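Each chain, written out:
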Amino acid sequence: MGNSVQLLSDRVSLIASNDTWMEGTAIQQLLKTAELPHMCRVAGMPDLHPGRGYPVGAAFFSVGHIYPALVGNDIGCGMGLWQTDLPLHKVNIDKLSKRLGNVEQPLDDSWGDLLRQRKQDQAIDCDGFDASLGTIGGGNHFAEFQAVDDVFDSTALEALGLEHKRLLLLVHSGSRGLGQRILTEHVSRFNHQGLAAGTAGFDDYLQQHDQAVRWAELNREMIARRFLQAIRAEGEVLFDINHNLVSSKTLDGTAGWLHRKGATPADQGLVVIPGSRGDHTYLVKPLESAAGLYSLAHGAGRKWQRGDCKARLSHKYSRDELYRTAFGSLVICGDRTLLYDEAPQAYKPCLSIIEALQDAGLIEVVARLKPVLTFKTHGECSA
DNA sequence: ATGTTC
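The structure contained in this document is the topic of the report that follows. Quantities reported herein were computed from a predicted structural model and do not represent experimental measurements.

**Quick notes on the overall build of chain A**
1) Next: Broken down by element type, chain A carries 11 helices and 18 strands.
2) Next: Relative to the 2.2 N^0.38 estimate, which gives 21 Å for 383 residues, the radius of gyration of chain A is 20 Å and therefore close to what a compact globule would have.
3) Next: Principal-axis analysis of the C-alpha atoms gives chain A an extent of 55 × 45 × 45 Å.
4) Next: By the burial criterion, 55% of the 383 residues in chain A qualify as buried.
5) Next: Sequence-distant contacts in chain A: of pairs separated by 6 or more residues, those separated by 24 or more amount to 79%.
6) Next: Accessible surface, chain A: about 16100 Å² in total, of which carbon and sulfur atoms supply 47%.
7) Next: When the 39 basic and 45 acidic side-chain charges of chain A are each reduced to a single mean position, those positions are 5 Å apart.

Structure (C-alpha cells):
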C-alpha cells in the first residue's frame, strides 16, 4: 500500500509504479504547471500523458485563482454509465450495429419537448450549439456497449443497481463547441493567465464554465437516450461523472480550487476507468485518501501521440484486426485517422493503471467490464 | 478537444 505514490517535489505527487508507461514530457509538463502562481498541490495520475502545454491525467489545487486554460476547451467532459433492459443473451452485435444509422445527426423535433424541459430544469440558457447536442464528437469520445466480465464486489454492484446480465452503455463526451468557444473567448482576453477570485473575469468564466458542465451532462444524457432508442431498449443512468473541470474544494482546511484535467473525482461514489476499445473498463470504488487530490485516472491514458499512430499501425494490421477487437467486439469508425489514433496499441494497458491506483490505496475494483460494440463515427470504412 | 483546417 502506498508504494506507487511518488513524491516529485514538496507539492507534486505522481501515482505510478515502476512499470507504468510514463512520458518524460508529461512529467516535465506536470512540474512546470505546478510552478504557476498560487498553485499549491499537484497530483499526476497513472494515465498521465503529454497535452498541449498542460499534461492530461492530473489534478491541480490552487488557492485564490483559477486557470481556465488548464481546464482547456472540453469543459465538463466526462463519462455516463447506463444500464439497458436488454439481457446479454439476446444481444446480437451485428444487428446492434445496423440499428445505429442515425445517431450522428442533430436531434430532430421529436426530442424538442425533453430538451426544453431539461434546459429549463438545468438552467441551461444556450441554444447556439443545439446542432451538436446529443452527438459524440471526435478525439477520444465514444459511445460503447459493454458487458460485465468479472465481479469482485457483488454487494457494491447491487447497491449501484447494476445487474450483471444486462447490456451496459458507456458514453464519453463533453461540451463540444460550447466549451471551445468559452476557452477561446477567455484566452483572447486573458491569454493563459489565471483569474483572481472576486474579479469580474473570474465570475464571468465560472458562470460560463458551470453552464458548459451542465450542457455536457445533458449532451451525454441525450447521446445515451438516442442510442437506447436506436437499439429499441429502455435504460437508466447509473452515474455520470465529469473529469475535466474546476470546482471549489477544501484541502487540509484550506478553501481553494481543484482543476481536474482528465482526472476522475474520487469523492462522488463509484466510477469507471475505461481502457481503449480493445481493453477492459474497470468499475471501481474510490477509497478515502488525500494522496491523489480526491482524484483518479480517467482512463488508460495515451501511450502514443495522436498523429504518430497511423504511421506506426497502418502497415501492420489487417482490416479485420482494426474493426474487431480481441474480445470479439465490433468497432464502428469511419474516420481512418481516428481509427488509428484510438487504436488499442496507442493506449497504456488499463490494468497497469488500475494496479497503480490499487497500490496507492486509492481504489478497490468492483467489477471488470468488456466492450461489445464501440461507436466512434459513421463512414464508408465501417465494417 | 473543436458546428474541426487562418
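**Quick word on empty space enclosed by the protein**
1) Next: If you walk through the whole model with that rule in mind, you get 3 cavities of 30 Å³ or more.
2) Next: By volume, the largest cavity amounts to about 60 Å³.
3) Next: Residue lining of the largest cavity: I182, E185, H186, R189, F190, L195, G201, D204, Y205 and Q208, and that is the complete set.
4) Next: Residue composition of the lining of the largest cavity, by class: 4 nonpolar, 3 polar and 3 charged.

**Here we look at the protein's contact with DNA strand B**
1) Next: Lining the immediate surroundings of DNA strand B are 13 residues, of which R52, N73, G138, N140 and G177 lie closest.
2) Next: Restricting the count to atoms of DNA strand B within 4 Å of the protein gives a sugar and phosphate share of 63%.
3) Next: At 2.9 Å from a base nitrogen of DNA strand B is found a side-chain nitrogen or oxygen belonging to R52.
4) Next: Between R306 and DNA strand B, the recorded distance is 3.1 Å, taken from a side-chain N or O atom to a phosphate oxygen.
5) Next: Here the residues of the surface near DNA strand B sort into 1 nonpolar, 9 polar and 3 charged.

**Structural notes on the nonpolar core**
Soluble globular proteins tend to pack their nonpolar side chains together in the buried interior.
1) Next: Core analysis: the biggest nonpolar cluster contains 57 residues, and L162, F239, I273, L283, V284, L296 and L357 have the highest contact counts within it.
2) Next: Looking at this core, the element that brings in the most residues is strand 18 (residues 363-377), giving 5 residues.
3) Next: Excluding residues within four positions of it along the chain, L357 makes contact with I15, P46, I273, L296, A297, L362 and I363.

**Considering helix 7 (residues 200-230)**
1) Next: Along its 31 residues, helix 7 runs 45 Å from first to last C-alpha, staying within 8% of the 45 Å computed at 1.5 Å per residue.
2) Next: The element helix 7 is extensively covered by neighbouring structure, given that 22 of its 31 residues are classed as buried.
3) Next: Of the residues one or two after helix 7, R232 is the one with positive phi, at around 60 degrees.

**Observations concerning the packing of helix 6 (residues 176-190) against helix 7**
1) Next: It is the contact of helix 6 with helix 7, at a shortest axis distance of 9 Å, that shows an interaxial angle of 165 degrees. Classed by the angle they form, the pair helix 6 and helix 7 counts as roughly antiparallel. At the point where helix 6 passes helix 7, the crossing takes the left-handed sense. The segment helix 6 lies against helix 7, with R176, L178, I182, E185, R189 and F190 engaging G201, D204, Y205, Q208, A212, W215 and N219.
2) Next: Along the lines of polarity and charge, the residues of the contact of helix 6 with helix 7 split into 6 nonpolar, 3 polar and 4 charged.

**Quick notes on the pattern of salt bridges**
1) Next: In total, this model carries 17 salt bridges according to the counting rule given.
2) Next: Residues D113 and R116 are paired through a salt bridge, measuring 2.9 Å at the closest nitrogen-oxygen approach. Placement of both D113 and R116 in helix 4 (residues 112-121) is noted, with a separation of 3 residues, approximately one turn of the helix.
3) Next: With a relative accessible area of 59%, D113 lands in the exposed category.
4) Next: Among the charged side chains, a network of salt bridges with common partners joins R118, E221 and R225.

**Remarks on the environment of L115**
1) Next: Along the chain, L115 falls in helix 4.
2) Next: We classify L115 as buried; its relative accessible area is 14%.
3) Next: Separated by 107 residues in the primary sequence, L115 and M222 place their C-alpha atoms 8.5 Å from one another.
4) Next: Excluding residues within four positions of it along the chain, L115 makes contact with L107, L133, L218 and M222.

**Observations regarding the sheet that holds strand 4 (residues 56-62)**
1) Next: As summarised here, the arrangement of the 6 strands in space is 1-2-3-4-12-11, forming an open sheet in which the pairing is mixed. Here the strands that pair on one side only, and so sit at the sheet edges, are strand 1 (5-7) and strand 11 (244-251). Neighbouring strand axes in the sheet, compared pairwise and without regard to direction, differ in orientation by 20 degrees on average.
2) Next: Sitting on the sheet, helix 1 (residues 24-34) touches strand 2 (12-15), strand 3 (39-49) and strand 4, and the angle it makes with strand 3 is about 165 degrees.
3) Next: Running at roughly 140 degrees to strand 3, helix 11 (residues 350-359) makes contact with strand 2 and strand 3 of the sheet.

**Overview of the environment of I332**
1) Next: Relative to the elements of secondary structure, I332 occurs in strand 17 (residues 330-333).
2) Next: Assessed through its relative accessible area of 6%, I332 is described here as buried.
3) Next: Sequence spacing of I332 and K119 is 213 residues, and the spatial spacing of their C-alpha atoms is 31 Å.

Calculation criteria
- Residues numbered from 1 in each chain as written.
- Chains lettered and ligands numbered in written order.
- Predicted model: local features only at pLDDT ≥ 70, side-chain atom pairs only at ≥ 80, totals over all residues.
- Heavy atoms only, no water.
- Helix = DSSP H or I, 4+ residues; strand = E, 2+ residues; numbered from the N terminus.
- Rg over C-alpha atoms; globule rule 2.2 N^0.38 Å.
- Buried < 20%, exposed > 50% of the residue type's maximum accessible area, 1.4 Å probe, protein only.
- Contact = heavy atoms within 4.5 Å.
- Areas by Shrake-Rupley, 256 points an atom, 1.4 Å probe, with all protein chains shown as cover.
- Lys, Arg positive; Asp, Glu negative; His and termini not counted.
- Charge placed at Lys NZ, Arg CZ, Asp CG, Glu CD.
- 1 Å grid on protein atoms, 1.4 Å probe; cavity = no way out; pocket = protein on both sides within 12 Å on 5 of 7 lines; lining within 4 Å.
- Points joined across faces, edges and corners; volume = space filled by probe spheres on them.
- Nonpolar A, V, L, I, M, F, W, Y, C, P; charged D, E, K, R; others polar.
- Near = heavy atom within 4 Å.
- Polar contact = N/O pair within 3.5 Å; in protein donor to acceptor, adjacent residues only side chain to side chain.
- Core = buried A, V, L, I, M, F, W, Y, C linked by side-chain atoms within 4.5 Å.
- Expected span 1.5 Å × (residues − 1).
- Axes fitted to C-alpha atoms, helices over the stretch in contact; angles between N-to-C directions.
- Parallel < 35°, antiparallel > 145°, perpendicular 65-115°, else oblique.
- Left-handed = near helix turned anticlockwise from the far one by under 90°.
- Salt bridge = Lys/Arg side-chain N within 4 Å of Asp/Glu carboxyl O.
- Pairing = 2+ DSSP bridges.

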